[in-house]
Amino acid sequence: MLGWFLQMVIAMELIGRPMRGRFLVRRGSTDWMVYDSELKGPAQIRKDGPFAEKLTKEQAENLAELLSNQRTEIGKRRS
C-alpha cells in the first residue's frame, strides 16, 4: 500500500504539484487543531510547550503557517 503512495508523491513532485506540508489544519470534534504529520499528533508550539489544539479555524491556520515558516527558516540556516 505504501508503495503506490510513494510513487504518487514522487510523481507529484516531478510534475510540480504542491506537496502536503508537515503542519495541517484539522477539525476536531468541536474545534480546530494543527496536526504535525511528522510527530503524528498535535503540533507543539515550542519544545515541551502546549499543544496546538482547541483553536478557532483562523488561529489554527495562522499557527500552521507560522510553524511552517519557522521550519523553513531553520532549514535555511543549517544549509
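(A) The arrangement of the pattern of salt bridges in detail. All told, the structure shown has 2 salt bridges when counted by the stated rule. Taking the shortest distance from any N to any O, the salt bridge between Asp36 and Arg22 comes out at 2.7 Å. Note that Asp36 is positioned in strand β2 (residues 32-36) and Arg22 in the loop between α1 (2-14) and β1 (23-27), a separation of 14 residues in sequence. With a relative accessible area of 24%, Arg22 lands in the partly exposed category. Notably, a salt bridge pairs Glu38 with Arg22, separated by 3.7 Å at the nearest N-O pair. Taken as a pair, Glu38 in the loop between β2 and β3 (41-42) and Arg22 in the loop between α1 and β1 lie far apart in primary sequence, 16 residues in all. For Glu38, a relative accessible area of 55% puts it in the exposed group.

Cut-offs and rules
- Residues numbered from 1 in each chain as written.
- Predicted model: local features only at pLDDT ≥ 70, side-chain atom pairs only at ≥ 80, totals over all residues.
- Heavy atoms only, no water.
- Salt bridge = Lys/Arg side-chain N within 4 Å of Asp/Glu carboxyl O.
- Helix = DSSP H or I, 4+ residues; strand = E, 2+ residues; numbered from the N terminus.
- Buried < 20%, exposed > 50% of the residue type's maximum accessible area, 1.4 Å probe, protein only.

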